[in-house]
Every structure is written in structure tokens, then in C-alpha cells.
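# Structural overview
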Amino acid sequence: ALRDVIEHDYASIALYDSASGQMQLHALTFTDERGVRPADHLLPLDNSPAGITYQRGVVSMFGEADVAGFGPAGAPTLIAEGIKSVCCVPLVTRRSQLGVLSLASRTADAFSADAAVLLGQLSSQIAIAVENARAYGEIAVITEQLAEEKDYLLDEVRLAHDFREIIGQSAALKRVLQTIATVAPTDSTVLLLGETGTGK
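Residues numbered from 1 in each chain as written. Predicted model: local features only at pLDDT ≥ 70, side-chain atom pairs only at ≥ 80, totals over all residues. Heavy atoms only, no water.

To continue, consider the side chain of Glu131. Secondary-structure assignment places Glu131 in helix α4 (residues 113-160). When its relative accessible area of 13% is taken as the criterion, Glu131 is described as buried. A polar contact of 3.0 Å, which involves the side chain of Glu131, links it to the side chain of Thr93. (Helix = DSSP H or I, 4+ residues; strand = E, 2+ residues; numbered from the N terminus. Buried < 20%, exposed > 50% of the residue type's maximum accessible area, 1.4 Å probe, protein only. Polar contact = N/O pair within 3.5 Å; in protein donor to acceptor, adjacent residues only side chain to side chain.)

Below, the structure is given as C-alpha cells:
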């Protein structure tokens, strides 16, 4: 959607990775036939456009000399694509600073001050979308873990309440075993009634 308002050749989102202390590139978007490409590599916090912008916390512009100065470690895709100007904006929500959105162009000085202001205004909406996507991913992982734990516990209950050693085929005994199987997995209190000597 940014292509309609700010002309660029390349865009990316890099999020801060607390485990490594670096910026993790998550997605690349090209305006040619390649479109959106997944990415998953780390960029140094102190030697990449995304890392420097993340630390500054403000919209930052980088020229061709800056890109070349970062080298293959800090700007591998930018150098490979012949990028001459980059505009980076931090992605910040009320809760946290998530990462950086970068737009790049093969044209020198492609981004005006007005474009930088507009990108700064749009960044809050993009940051909320990124935060929601992250939260959804975390919830999906937790839901999957809970489902696995539930299946495991149900298997344990089935193994723990194996009635094969109880002898009897009467309808009354089957009803009792079915009731036991129903109540056993719960924390409910159960009151057993019957005369003394009946096998309560």
C-alpha cells in the first residue's frame, strides 16, 4: 500500500531480537515481479540502517555512501540491489519499540522531508499491525501447547483408569465403571453410598 503514496524500489521490516541483541529481518518487498519475499537473517544493531534507526528512535535517512559504509554485513540486500537512498522509520506502540520499517530506492535522494513525515505518521498504524500479528502468533503457539498438554493428560487418565482387572459384566457394574470414568478426571467431591460390606 505504501507504493501508492511513496515511490520506492524495496521495503523491509526488521524487528529487534532480544535473544541476539540484533535486528532480525522478517520480510522484504520488491516493486518488481519478485514481490514479497520472506527473510530471516540478523543485522547488526550498530552497523545497519535498521539498527541505527532503532537506537535513535526517529526517522532516519541514509545515502549511497552510508549504504556502502555498512558493508555486506550491515546492508547485504541494499548493496546487492544497488540502493542509493534509504528512509527508515521506527515501529513504536504504546507498549514497546518493535523494530524498523525501511523504504529504499535506486535513485539518489529519493525521499523528501514530506515523505519522511508521512512515513512517520503511517508507522504507528504499521506498528500496531505488527504487534497484533506477533500477539496472534504467540497465542497460536500457546493454544497448540495447551492442546498437546490436554491430549497428554487425557491419555494419562485413560491409562490410570484401566478397568480391565475388574471382573464382572453386569449392567450395574458397567454403570458404576462409566460413572467412575466420568468423574475421575475432575476435582469433584464424590459421595459413595451403600450398606456396609457391599464393596464401596
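All right, on to unusual backbone geometry then. Phi angles above zero are rare outside glycine, and Asp109 is one such case at about 50°. Along the chain, the position of Asp109 falls in the loop between β6 (97-105) and α4. Given the relative accessible area of 74%, Asp109 is considered exposed.

All chains considered together, the criterion is met by 3 salt bridges. Here Glu81 and Arg106 are joined by a salt bridge, their closest N and O atoms 2.6 Å apart. One end of the pair, Glu81, is in the loop between α3 (76-80) and β5 (85-92); the other, Arg106, is in the loop between β6 and α4, with 25 residues separating them in the sequence. Among the ionic pairs, Glu131 bridges to Arg95, the shortest N-O distance being 2.8 Å. (Salt bridge = Lys/Arg side-chain N within 4 Å of Asp/Glu carboxyl O.)

Okay, the pairing of strand β2 (residues 22-30) next. Where strand β1 (residues 10-17) meets β2, 8 bridges bridge the pair, whose relative direction is antiparallel. Residue pairing in the sheet places Ile13 in a bridge with Ala27 of β2. Taken together, β1 and the strand that follows it, β2, pair antiparallel across an intervening segment of 4 residues, in which Gly21 is found at a positive phi of about 75°. (Pairing = 2+ DSSP bridges.)

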